[in-house]
Amino acid sequence: MAAPTREAGTPGGGDGTTSIAREPIARAGHWSWQASAGTARCLFFGKPVEGSAEQDVLAELERSGLEVAILRQTHSRRVLEARPGDCGEGDALVSAHAGLALRVVTADCVPVLLASATRIAAVHAGWRGLRAGIVGAAARRLGADGACAAVIGPAIGGCCYEVGGDVAEEVAEEVGSRSVILRPGDGPRPHLDLRLAARLALEQAGVEAITTIEACTRCDSSRLWSYRRDGRGAGRNLAFVWREP
């Protein structure tokens, strides 16, 4: 079962963050969550409800007049300017063009979607990317044209993400807080809170309006893919951000 969450629009600890508690809905044949980052629209898709594929999601976006930009993700800190179609190797896309949906895919890593007054960004952030500073690098590429907003999508929770001690310490050092390191249960290895690490990285970059969808990919086996749970047979969760054309 996914971890309980706060109702959307309520404080997430007095720091300007909010959490979305609504249940996902079926959309384009997949479980989906929706949110907004400023004036940008954000959509997250998990497992198909029945017999659907990513092509059904893309077809719905195309019917809305959107083109889609995609990445070949490499767990880096490389940020690319987006264009329709394949944008190359990297882990974040940025764009100032309305009508272009930026896509990242995850199977436990954190999808982070951002918007400033004129630009949007989509980020794929696993522990390697967080350690390398991908979230801050993408946020800074949005420029100093007004306050930024961000949505952190479904990812593996600290409840389930056991890592080596060196990995936990390196991520904690990058985001400036050991609060991301958890030690639930009796196991000797720490757990890492990737979503909290992403939020701290956003705050370091000056992003204040942050919404988190607190669904754990490993816990929610019926609606989300998880590499930790499913191994090589895992599909991919999808995340899109755009401004209307």
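About the criteria used
Residues numbered from 1 in each chain as written. Predicted model: local features only at pLDDT ≥ 70, side-chain atom pairs only at ≥ 80, totals over all residues. Heavy atoms only, no water. Salt bridge = Lys/Arg side-chain N within 4 Å of Asp/Glu carboxyl O. Helix = DSSP H or I, 4+ residues; strand = E, 2+ residues; numbered from the N terminus. Buried < 20%, exposed > 50% of the residue type's maximum accessible area, 1.4 Å probe, protein only. Arc of directions from axis to C-beta. Pairing = 2+ DSSP bridges. Axes fitted to C-alpha atoms, helices over the stretch in contact; angles between N-to-C directions. Contact = heavy atoms within 4.5 Å. Core = buried A, V, L, I, M, F, W, Y, C linked by side-chain atoms within 4.5 Å. Polar contact = N/O pair within 3.5 Å; in protein donor to acceptor, adjacent residues only side chain to side chain. Disulfide = S-S within 2.5 Å. Phe/Tyr/Trp six-rings, centres within 6.5 Å; stacked < 30°, edge-to-face > 60°. Lys NZ or Arg CZ within 6 Å of the ring centre and 35° of its normal.

Draft legend 1. How the structure looks around the pattern of salt bridges. Per the counting criterion, the structure on display carries 13 salt bridges. Of the charged contacts in the structure, one is a salt bridge between E54 and R103, with a shortest N-O distance of 2.4 Å. You can see E54 sitting in helix 1 (residues 54-63) and its partner R103 sitting in strand 9 (residues 100-106), a full 49 residues away along the chain. A relative accessible area of 29% places E54 in the partly exposed class. Residues joined by salt bridges that share partners form a network here, namely R72, D86 and E89.

Draft legend 2. View of helix 1. Every buried residue of helix 1 is accounted for by V57, L58, E60 and L61. The arc that holds the buried residues of helix 1, viewed along the axis, is 155°, so those residues lie on one side. Looking one or two residues beyond helix 1, the residue adopting positive phi is G65, at roughly 85°.

Draft legend 3. Focus on the sheet that holds strand 16 (residues 237-242). On the basis of which strands lie adjacent, the open sheet formed by seven strands has the order 2-3-4-16-9-5-7 and mixed pairing. A single partner strand is all that each edge strand has here, and the edge strands are strand 2 (25-27) and strand 7 (85-89). Each strand axis lies, on average, 35° off the axis of its neighbour in the sheet, ignoring direction. Here helix 1 sits on the sheet and contacts strand 2, strand 3 (30-37), strand 4 (40-48), strand 5 (67-72), strand 9 and strand 16; the angle it forms with strand 16, its principal contact strand, is near 10°.

Draft legend 4. A look at the nonpolar core. L114, V123, V135, V180, L192 and L202 are the most contacted members of the largest nonpolar core, which totals 43 residues. Counting residues per element, the ones that place at least two in this core are strand 8 (92-95), strand 10 (110-115), strand 11 (120-125), helix 2 (127-132), helix 3 (134-141), strand 12 (149-152), helix 4 (165-175) and helix 5 (194-204). Top element by residues in this core is helix 5. It accounts for seven residues. Sequence-distant contacts of V180, that is, excluding residues within four places in its chain, are made with A172, V175, H191, L192, D193, L196, A197 and L200.

Draft legend 5. Geometry of the environment of R178. Within the secondary structure, R178 is located in the loop between helix 4 and strand 13 (181-182). Residues R178 and A197, spaced 19 residues apart in sequence, show a C-alpha to C-alpha distance of 9.5 Å. In this structure the side chain of R178 is engaged in a polar contact, spanning 2.5 Å, whose partner is the side chain of E169.

Draft legend 6. Highlighting the state of the cysteines. Taken as a whole, this structure holds zero disulfides when the rule is applied. With no disulfide of its own, C159 has C160 as its nearest cysteine by sulfur position, at a separation of 3.6 Å. C159 gets classed as partly exposed once you look at its relative accessible area, which sits at 43%.

Draft legend 7. Inspection of the packing of aromatic side chains at higher detail. Going through the model one piece at a time under the given rule, you end up with one aromatic pair. On the numbers, 6.1 Å between centres and 80° between planes, the contact of F45 with F240 is edge-to-face. Of the two residues, F45 is situated in strand 4 and F240 in strand 16; the sequence distance between them amounts to 195 residues. Assigned by exposure class, F45 and F240 land together as buried. We note K47 situated over the ring of W225; from NZ or CZ to the ring centre the distance is 4.9 Å. The ring of W31 carries the charged tip of R223 above its face, separated from the ring centre by 5.9 Å.

Draft legend 8. The pairing of strand 9, seen in detail. Here strand 9 lies mainly inside the structure; seven of its seven residues are buried. Of the two faces of strand 9, both are covered, the one formed by L100, L102, V104 and T106 as well as the one formed by A101, R103 and V105. Strand direction decides the pairing type here: strand 5 and strand 9, joined by three bridges, are parallel. Within the sheet, the bridge partner assigned to E67 lies in strand 9 and is L100.

Purely geometric stuff here, so don't read any function into it on its own.
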